[in-house]
Amino acid sequence: MKKQLISLSFAALASVTGTTQAQTVLTVSSWLPPTHTTSMAQKEWCDLLEANTKNRIKCNILPRGVTPAPGTYDAVKNGLADLSFTVHGYTPGRFITPQMAELPFLGNSSETISVAFSRISGKHPEFAAEHPGVKVLSLFTHGPGIVFNTKRAITKVDDLAGLKFRVGGGMVNDMSKALGMNVTLKPAPDSYELLSSGVMDGTLFPAESTESFKIDKIIRYATTFPGGLYNTSFVFMMNQAKYDKLSPEDKKAVDDISGETAARIFGRGWDKVDRRAFALMQANGVQVTKADAKFVADVKAKTAPLEQVWVKAAEGKGLKNPAKVLADFRAEIAKLEK
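Cut-off values and rules
- Residues numbered from 1 in each chain as written.
- Predicted model: local features only at pLDDT ≥ 70, side-chain atom pairs only at ≥ 80, totals over all residues.
- Heavy atoms only, no water.
- Helix = DSSP H or I, 4+ residues; strand = E, 2+ residues; numbered from the N terminus.
- Rg over C-alpha atoms; globule rule 2.2 N^0.38 Å.
- Buried < 20%, exposed > 50% of the residue type's maximum accessible area, 1.4 Å probe, protein only.
- Contact = heavy atoms within 4.5 Å.
- Areas by Shrake-Rupley, 256 points an atom, 1.4 Å probe, with all protein chains shown as cover.
- Lys, Arg positive; Asp, Glu negative; His and termini not counted.
- Charge placed at Lys NZ, Arg CZ, Asp CG, Glu CD.
- Axes fitted to C-alpha atoms, helices over the stretch in contact; angles between N-to-C directions.
- Nonpolar A, V, L, I, M, F, W, Y, C, P; charged D, E, K, R; others polar.

Novice: I'd like to hear about the overall build of the chain, residue by residue, with values.
Specialist: Of the regular secondary structure elements, the chain holds 14 helices and 11 strands. For 338 residues, the compact-globule formula gives about 20 Å, and the C-alpha radius of gyration of the chain, at 22 Å, lands near that figure. The principal-axis extents of the C-alpha atoms in the chain amount to approximately 90 × 45 × 35 Å. The buried share of the chain, reckoned over its 338 residues, is 51%. Of all intrachain contacts in the chain linking residues separated by at least 6 positions in sequence, the fraction that spans at least 24 positions is 79%. Carbon and sulfur atoms make up 55% of the accessible area of the chain, which amounts to about 15,200 Å² in all. The distance from the centre of the 42 positive side-chain charges to the centre of the 33 negative ones in the chain is 3 Å.

Novice: Outline unusual backbone geometry, listing residues and values.
Specialist: The backbone of Asn55 shows a phi angle near 70°, a positive value even though the residue is not glycine. Its location among the elements puts Asn55 in the loop between helix H2 (37-52) and strand S2 (57-61). A residue is classified by how much of its surface remains accessible, and Asn55, at 38% relative accessible area, is partly exposed. Phi is positive for Phe105, which is not a glycine, with a value near 60°. Position of Phe105 relative to the elements: it lies in the loop between strand S3 (83-87) and helix H4 (110-122).

Novice: Kindly report on helix H6 (residues 171-178), identifying the contributing residues and their values.
Specialist: In an α-helix, one turn spans 3.6 residues; hence positions three or four apart end up facing the same way. Residues of H6 that are buried include every one of Met171, Val172, Asn173, Met175 and Ser176, and no others. Check the buried side of H6 and you find it contacts strand S6 (164-167), strand S7 (182-185), strand S8 (202-205), helix H12 (293-303) and helix H13 (305-316). Residue Gly180 follows H6 closely and has a positive phi angle near 80°.

Novice: Give me the lowdown on the packing of H12 against H13, citing residues and values where you can.
Specialist: Here H12 crosses H13 at 35°, and the two axes come no closer than 5 Å. Of H13, the residues touching H12 (which contributes Ala301, Lys302 and Thr303) are Pro305, Leu306 and Glu307. Across the contact of H12 with H13, the residue classes break down as three nonpolar, one polar and two charged.

Novice: So, the environment of Met40: which residues are in play, and what are the values?
Specialist: As for its placement among the helices and strands, Met40 is situated in helix H2. Placed 225 residues apart in sequence, Met40 and Ile265 show a C-alpha to C-alpha distance of 9.5 Å. Not counting residues within four places of it along the chain, the set of residues in contact with Met40 comprises Pro34 and Thr35.

Here's what the structure looks like:
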């Protein structure tokens, strides 16, 4: 009997030890505040993963990012964090295919663009191939890009000249230069200091960012565009080695909520705060101008060559028939926005 009890005790101990070993803890980093919609979406995804794996996978969300925004991709690649997101354009020239989602006038919501982006990129492995060392969980974008400034209403292309703008990099950098804008590449969290000090006169942002980066009482003018002047492309990613060590069951759990599911979580959250930001703009007396047909036509004329530049660059990355991929992307957005 005594031997039997000892045997059962060892069995129980082995069972507990096995359970402990089976749990995977993901170190999760965000360079944005915990209250930012993207940080909150990342947490929502983590909560879903924990629930779906019955806590076999847990997320340890760090109180602050392991690195400033531009270093995030390499931080995940090198294992400083297991899970995070970043803006492709914060490392200029590194990512080409995702710039497809940054072209002007693509769509009116982060959710529709992000879901379409995930669907189309998922059909073409060349997108993921540009992200060596990380497991791409999803690609997504923020909401439609807007021109904000502290100086004057902008109603035509010529009004953009003579002001200094912060931009986040990527396609928006090339687009703003095509429009004759004086731009400086700086991460979004720098915006308050740049605008409040007068170093910059304006910034290109989605509506949400006016509240997130506390510039809602600094900016005085906003110009919106049907379909957005631009979008910013993001990657949501996991360290590849961490993913590879997961059991087949847990890999499936990650995969099941990646792609379109993750894109929808990020996009839906962004659209919600975009709507709230417009209400705050109204409350703070920001003068909002909707670009008229002439303004839109002039922007399209000046930025149209960027599409062919992207097509050629994407071909150089091995993407077959990028023009058709872009057409499919636009068609998918249109279908989702019906």
